[in-house]
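Fold and contact review
One letter stands for each residue in the lines below.
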Amino acid sequence: MAELILKHDWADGLGPIKEWPAALRSALSICLNSSFPTAIYWGPEMRLLYNDSWAPIPADRHPWALGRPAAEVWSDIWDVVGPQFHQVITTGEGVTTYDQLLMMERNGVPTEGYWNYSLSSIRDEHGNIVGIFNQGNETTAAVLARRQTQEEIARLGRLFAQAPAAIAILEGPSHTFKLVNPAYEDLVQRSNLLGRSVEEALPEVKDQGFIHLLDTVYATNEPFQGKAVPVEFVRPDGKLQGRYVDFVFQPITDTAGQPAGIFIQASDVTEATTAMAALRESEQRFEAIVNSIDQMIWSTRQDGYHDYFNQRWYEYTGVSEGFTDGSDWENVFHPDDRAETWAKWQHSLETGEPYHVEYRLLHRSGVYRWVIGRAQCVRDENGEITRWYGTCTDIHDLKVAEEARQLLLRELNHRVKNLFAITAGMINMTARSSTSVAVMAHSLHGRLQALAKAHHLIQPAIVAGSSIAETVAFHTLLEEILSPHLADRDRQVTLKGPEISLGPHASTSFALIFHELATNAAKYGPFRDADGRLDVRWRMDKDALHLEWQEDVTRPEIKAPSQEGFGSKLARTSAIHHLGGSIDFEWLPGGVTIALTAAGDRLAK
């Protein structure tokens with residue numbers, strides 16, 4: 001700038017440099033040797049001189065502005081700086097301003113700019129004001145930064161104020177409130193918190209452990225998060241009010257990383273927590289109820305997807321939880337029942353009609369048991385199905401009892417018909433072998449008494465509630481059952497085997513089986529004529545009774561029946577279900593051979 005000043009033509013302004021007054025030379029010397037932006041406005045027109053540091057201030061007006069009048073250089077901002085210059089020139093009083101807004105034209109566009117500057121009078125040796133000494137610098141960046149910061153702070157303040165969560169900022173180790181939003185004041189039910197410590201403003205939280213918790217967060221610089229934490233606040237009426245709060249204590253550090261405060265964010269979750277507690281209590285009551293009854297309870301979505309079974313289901317079936325979810329529930333059904341059960345379930349899903357079906361379900365013991373399944377749909381306000389709720393009830397014992405009752409009714413009918421047939425057969429057989437009416441009457445009387453004894457043994461199976469306390473000898477049972485059908489017992493029958501004592505239930509089952517076999521032998525087998533024979537042999541082997549019933553007939557030849565009759569079904573049912581064994585028939589031309597087994601542990605029952 002010194003070089004530009006020396007080369008400048010001052011003929012139309014301040015005149016030759018060598019003629020410049022001492023005051024100007026002295027002020028210019030200070031200006032050019034200063035590292036701070038400095039300018040001089042000299043003379044009545046306030047001609048401009050400046051140093052290198054000041055040169056960027058006029059921007060694209062440099063170096064044109066050198067030596068020109070101030071009003072010409074700063075025509076765009078003269079309304080602001082003109083009065084300031086006039087004050088200094090006329091009064092000698094200096095002007096100092098900070099962050100002064102000056103809308104300068106830069107690149108032809110008025111541009112917002114802020115400045116710190118001072119204007120001081122320059123006097124000659126006579127004390128007259130002859131110029132203005134100007135120093136200053138641009139503060140636009142700082143002003144805009146402060147403005148942005150203030151705007152950001154204001155925005156954050158609005159966000160904090162409008163935030164639904166309670167927010168507070170604590171300062172220092174005493175946890176003094178620096179900022180709180182309305183939601184925080186609403187949570188703690190008091191205002192006028194700023195500038196007060198937590199302990200002073202909320203004394204009730206100290207004994208609840210929150211001051212200690214704040215001290216820990218401040219000292220360790222580690223955040224703390226609480227979920228549904230119970231806290232009590234003093235209401236305006238002086239009473240305590242319990243709330244549940246989710247909150248975060250987040251430590252705040254300074255630029256050196258040292259603790260400076262704590263940021264608090266909290267949400268009142270009392271309603272949600274209370275509702276969840278009520279829901280859990282309701283679920284516990286529901287679970288207690290559905291798991292305390294004998295019924296298996298289940299539930300499905302509207303599409304029939306099974307997503308809930310009570311504990312009774314898992315205890316009954318023995319499967320693990322989740323094993324029967326979805327459509328896998330049918331895996332524990334008896335294979336013969338699946339098609340019918342599935343068809344009825346699909347019909348209910350399609351129509352909304354109640355579900356009702358009986359099927360066999362695999363019990364944890366490995367045995368299929370009869371159950372009855374029922375289900376009812378639940379609809380919404382539009383009539384659409386939302387869920388299905390169902391039960392399974394074990395009816396196996398009732399089912400078996402009903403089957404037994406039906407079996408006994410049929411047996412009774414069968415026995416009555418057989419009784420007449422047996423009686424007629426005994427009369428005919430006795431008549432053929434008797435020499436007189438007296439002999440016939442005596443023989444017939446004895447056989448009828450034997451028949452009565454045999455029927456007395458099976459009485460518990462026919463008369464409900466009857467029981468026999470004593471045991472029955474196996475050999476004696478056979479003799480009593482067979483004797484009514486025989487004219488000559490020693491010639492027609494051989495009974496051979498160890499002596500076995502039978503309990504009431506076992507003797508009844510054997511009596512039913514032997515009575516049926518003896519009746520068939522009288523109708524179709526060896527007891528039809530005097531030449532037929534029956535050999536019955538039994539033995540105990542590995543805790544099981546093995547019996548062979550072998551018939552021998554002479555005429556006509558025996559043929560296997562085309563279908564199993566009721567008597568054979570009765571004998572098979574008794575052997576399998578009551579005696580835990582089996583019975584097999586082998587039809588030979590010379591007579592039928594029957595193999596009967598019974599579990600050893602069933603004999604004494």
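Counting starts from 1 at the beginning of each chain's written sequence and moves along it residue by residue. Per-residue local features are limited, in this predicted model, to residues with pLDDT of at least 70; the limit for side-chain atom pairs, both in listing and counting, is 80 or more; totals at the level of whole chains, interfaces and linings are taken over all residues. Think of the side-chain values as coming from all heavy atoms in the structure, minus any hydrogens and water.

The next subject is the packing of helix α15 (residues 474–482) against helix α17 (residues 504–523). Axes here mean lines fitted to C-alpha atoms, for a helix over just the part in contact, with angles spanning 0 to 180 degrees between N-to-C directions. Put simply, DSSP H or I for four residues or longer makes a helix, DSSP E for two residues or longer makes a strand, and each gets a number counted from the N terminus. Relative to each other, α15 and α17 sit at 35 degrees, their axes nearing to 9 Å. The hand of the α15/α17 crossing is right-handed. From α15, Phe474, Leu477, Leu478, Ile481 and Leu482 reach across to α17, where they touch Ser507, Phe510, Ala511, Phe514, His515 and Ala518. Whether a crossing is left-handed or right-handed is set by the direction in which the near helix is turned from the far one by less than a right angle, anticlockwise for left-handed and clockwise for right-handed. Residue contacts are defined here by distance: any two heavy atoms, one from each residue, within 4.5 Å place the two residues in contact.

By definition, two strands form a pair when at least two bridges between them are found by DSSP. Taking strand neighbours across the sheet as the criterion, the five strands line up as β9-β8-β12-β11-β10 in an open arrangement whose pairing is antiparallel. Looking at the sheet topology across the chains shown, the edges are occupied by β9 (176–180) and β10 (224–234). When the angles between neighbouring strand axes are averaged without regard to direction, this sheet yields 35 degrees. As judged from the four bridges shared by strand β8 (residues 166–171) and β9, these two strands associate in the antiparallel manner.

Another point: the sheet that holds strand β15 (residues 355–362). In space, the five strands of this open sheet follow the order β14-β13-β17-β16-β15, with antiparallel pairing throughout. If you trace the sheet from one side to the other, it starts and ends with β14 (306–309) and β15, each paired once. Taking each pair of neighbouring strands and ignoring which way they run, the sheet shows an average axis angle of 25 degrees. Relative to strand β17 (residues 385–394), strand β13 (residues 296–301) runs antiparallel, the two sharing six bridges.

Here we come to the pattern of salt bridges. What counts as a salt bridge is simple: a side-chain nitrogen of Lys or Arg found within 4 Å of a carboxyl oxygen of Asp or Glu. Per the stated rule, a full pass over the model turns up 22 salt bridges. Glu3 is the salt-bridge partner of Lys7, the closest N and O atoms lying 2.8 Å from each other. Here Glu3 and Lys7 lie together in helix α1 (residues 2–7), a separation of four residues that amounts to about one turn. One salt bridge connects Glu45 with Arg47, and the closest N-O pair in it is separated by 2.8 Å. Overall, Glu45 belongs to the partly exposed group, its relative accessible area being 44%. Any residue under 20% of the maximum accessible area for its type is buried, any over 50% is exposed, and the rest in between are partly exposed; the area is computed with a 1.4 Å probe on protein chains only.

Turning next to the packing of aromatic side chains. For Phe, Tyr and Trp, rings pair up if their centres lie within 6.5 Å, where Trp contributes its six-membered ring, and each pair is then called stacked (planes under 30 degrees apart), edge-to-face (over 60) or tilted (otherwise). Counting across every chain of the model gives 22 aromatic pairs. Pairing Trp78 with Phe85 gives two aromatic rings, centres 5.6 Å apart and planes at 90 degrees, and the pair type is edge-to-face. Assessed through its relative accessible area of 24%, Trp78 is described here as partly exposed. Among the aromatic residues, those joined into a ring-pair cluster are Phe474, Phe510, Phe514, Trp538 and Trp549. Lysine and arginine charges are scored as sitting over a ring when NZ or CZ, respectively, is within 6 Å of the ring centre and within 35 degrees of the ring normal. One Lys or Arg, Arg301, reaches over the ring of Tyr305 and ends 4.2 Å from the middle of that ring. Residue placement shows Lys399 over the ring face of Trp370; its charged tip is 4.6 Å from the ring centre.

This brings us to unusual backbone geometry. Of the consecutive residues His62 and Pro63, the connecting peptide bond is found in the cis state with omega at 0 degrees. Within the fold, Pro63 resides in the loop between β2 (47–50) and α3 (70–73). In the Ramachandran plot, Asn107 falls in the positive-phi region, its phi being about 55 degrees despite a non-glycine side chain. Its place among the elements puts Asn107 in the loop between β4 (104–106) and β5 (109–111). Given the relative accessible area of 68%, Asn107 is considered exposed. Despite not being glycine, Asn221 has its phi angle at roughly 60 degrees, a positive value.

This part covers the pairing of β2. A two-sided burial pattern is seen for β2, the buried positions comprising Arg47 and Leu49 on one face and Leu48 and Tyr50 on the other. Direction of pairing for strand β1 (residues 38–42) relative to β2: antiparallel, over a ladder of four bridges. Following the sheet pairing, Ile40 is matched in β2 by Leu49. Hairpin connection from β1 to β2: four residues lie between these consecutive antiparallel strands, with Gly43 at a positive phi of about 80 degrees.

Residue position: Asp124 is located in the loop between β6 (114–123) and β7 (129–138). Here Asp and Glu are counted as negative and Lys and Arg as positive; His is not counted, and neither are the chain ends. Buried within the structure, Asp124 lacks any salt-bridge partner; its nearest side chain of opposite charge belongs to Arg123, at an N-O separation of 7.4 Å. Among the polar contacts made by the side chain of Asp124, one reaches the main-chain amide nitrogen of His126 at a distance of 2.9 Å. Identification of polar contacts relies on pairs of N or O atoms within 3.5 Å, with a donor-acceptor requirement for protein atoms, meaning one able to donate a hydrogen and the other able to accept it, and with residues adjacent in sequence counted only if both atoms are side-chain atoms.

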